[in-house]
Amino acid sequence: MRRPFVAGNWKMHGTRAENADLIEALLLGVPAQPTAEIAVCPPFVYLWEAARQLKASSVSLGAQSVCAESIGAFTGEVSAAMLKDVGCRYVIVGHSERRALYKEDDALVARKFLAAQSQGLTPILCVGESLDERERGQTMQVVSRQLTAVLDLAGIKAMQDAVVAYEPVWAIGTGKNATPAQAQEVHAHIRAEVAARDGKIAAALRILYGGSVKAGNAREIFSMQDVDGGLIGGASLKVDEFLKICAAAQAH
């Protein structure tokens, strides 16, 4: 039985005061022992304070990216060891914005995945297609390519300590979202790709949906057989909305 998981990606939002209020409200609304796992991923500069506030709570801490290198002259970068040191459990790798805006290719994403795991962090590997790629019928090809780059470098065993998030790029911040059936189709494809290498690992792999999930559509999306929760963007900054999404995952 896969435990549902909801992770909030705050992106480049928030202040110290806003984050403190958001976490305080979140902790008031989350059960002491939730059936779904919950995590938040603040910007780098707020991780330490978030970690202190989340300490001894049921909510985990994640980062939004990580350097593929372990140490050295990499100005502006943050290593996996540093993230672990400040209390992170998870880290997002391969988010579509990192791929598109900062030109992170499949090979670099795979190296970041390995860097995260080398320090005991659980990577949340994002895969997904653009609108143009979907319209060209290339969704499965793109997702397979992105996933295979990681599997070939890290090996199938690495997926025992990983989470995959399917994020159709055309449904992020646009107000559009894949239908539950469309999400299920791609999630099933991802699980099948992993199963081709190891069926047991595939059966246990949590695959999240990350495309404009809101309180109004979360329950229907999460009810799909291969959807194990969500990677939530804008809605994770609104505590009432985020708590409703978490409740939908707990009911899954």
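Residues numbered from 1 in each chain as written. Predicted model: local features only at pLDDT ≥ 70, side-chain atom pairs only at ≥ 80, totals over all residues. Heavy atoms only, no water.

Peer 1: Lay out the overall build of the chain with the relevant residues and their values.
Peer 2: When helices and strands are counted, the chain shows 11 helices and 8 strands. Computed over its C-alpha atoms, the radius of gyration of the chain comes to 17 Å, within 12% of the 18 Å expected for a compact globule of 252 residues. Out of the 252 residues belonging to the chain, those deemed buried represent 51%. Intrachain contacts of the chain at a sequence separation of at least 6 include 73% that bridge at least 24 residues. Surface summary for the chain: the accessible area is close to 11600 Å², and the carbon and sulfur share equals 53%. Here the chain contributes 26 positively and 27 negatively charged side chains, and the mean placements of these two sets differ by 3 Å. (Helix = DSSP H or I, 4+ residues; strand = E, 2+ residues; numbered from the N terminus. Rg over C-alpha atoms; globule rule 2.2 N^0.38 Å. Buried < 20%, exposed > 50% of the residue type's maximum accessible area, 1.4 Å probe, protein only. Contact = heavy atoms within 4.5 Å. Areas by Shrake-Rupley, 256 points an atom, 1.4 Å probe, with all protein chains shown as cover. Lys, Arg positive; Asp, Glu negative; His and termini not counted. Charge placed at Lys NZ, Arg CZ, Asp CG, Glu CD.)

Peer 1: I'd like to hear about unusual backbone geometry, residue by residue, with values.
Peer 2: Phi is positive for Lys11, which is not a glycine, with a value near 55°. Mapped onto the elements, Lys11 comes out in the loop between strand E1 (5-9) and helix H1 (16-29). You will see that Lys103, though not glycine, has its phi angle at about 55°, which is positive. Following the sequence through the fold, Lys103 ends up in the loop between helix H4 (96-101) and helix H5 (106-118).

Peer 1: Got a sec to walk through the packing of aromatic side chains? Specific residues and values, please.
Peer 2: Under the counting rule described, the total for this entry stands at 2 aromatic pairs. Here Phe5 and Tyr90 contribute two aromatic rings whose centre-to-centre distance is 4.8 Å and whose plane-to-plane angle is 35°, an arrangement assigned as tilted. A residue pair is termed long-range when its members are at least 10 positions apart, and Phe5 in strand E1 and Tyr90 in strand E4 (residues 90-93) qualify at 85 residues. Residue Phe5 shares its accessibility class with Tyr90, and that shared class is buried. With a centroid separation of 6.2 Å and 50° between ring planes, the pair formed by Tyr166 and Tyr209 is classed as tilted. Residue Tyr166 is found in strand E6 (residues 163-166), and its partner Tyr209 is found in strand E7 (residues 206-209); the two are separated by 43 residues along the sequence. Over the aromatic face of Tyr102 sits the side chain of Arg98, whose NZ or CZ is 4.3 Å from the ring centroid. (Phe/Tyr/Trp six-rings, centres within 6.5 Å; stacked < 30°, edge-to-face > 60°. Lys NZ or Arg CZ within 6 Å of the ring centre and 35° of its normal.)

Peer 1: Describe the pairing of E1, and please don't skip the residues or the numbers.
Peer 2: Taken across its 5 residues, E1 has 5 buried, putting it largely inside the fold. Across the two faces of E1 the burial is the same, with Phe5, Ala7 and Asn9 and Val6 and Gly8 all buried. Here E1 runs beside strand E2 (residues 37-41); their pairing, made up of 5 bridges, is parallel. Each residue of the ladder has a partner; that of Gly8, found in E2, is Val40. On the question of chirality, the crossover connecting E1 to the parallel E2 by way of H1 is right-handed. Bridge count for E1 against strand E8 (residues 229-232) is 4 bridges, and the pairing is parallel. Looking at the pairing, Phe5 lines up with Gly229 of E8. (Pairing = 2+ DSSP bridges. Right-handed = clockwise from strand over helix to strand, strands pointing away.)

Peer 1: So what's going on with the pattern of salt bridges? Residues and values would help.
Peer 2: Within the structure shown, the criterion is met by 15 salt bridges. The salt bridge partner of Glu69 is Arg111, with a shortest N-O separation of 2.5 Å. With Glu69 in the loop between strand E3 (59-63) and helix H3 (80-85) and Arg111 in helix H5, the pair connects residues that are 42 residues apart, well separated along the chain. The partly exposed category is assigned to Arg111, whose relative accessible area is 36%. With a shortest N-O distance of 2.7 Å, Lys112 and Glu104 are connected by a salt bridge. We note that Lys112, like Glu104, is buried. Through salt bridges with shared partners, a single ionic network connects Arg2, Arg191, Asp226 and Asp228. (Salt bridge = Lys/Arg side-chain N within 4 Å of Asp/Glu carboxyl O.)

Peer 1: Tell me what's going on with H1, and back it up with residues and numbers.
Peer 2: With 14 residues, H1 extends 20 Å between its outermost C-alpha atoms, agreeing within 8% with the 20 Å of an ideal straight helix rising 1.5 Å per residue. For H1, every residue scored as buried is listed here: Asn19, Leu22, Ile23 and Leu26. All buried residues of H1 lie within an arc of 95° about the axis, which places them on one face of the element. Residues of H1 that are exposed and angled more than 90 degrees away from the buried face: Ala17, Asp21 and Leu28. Buried residues along H1 sit in contact with E2, helix H2 (47-54), E3 and helix H11 (239-250). (Expected span 1.5 Å × (residues − 1). Arc of directions from axis to C-beta.)

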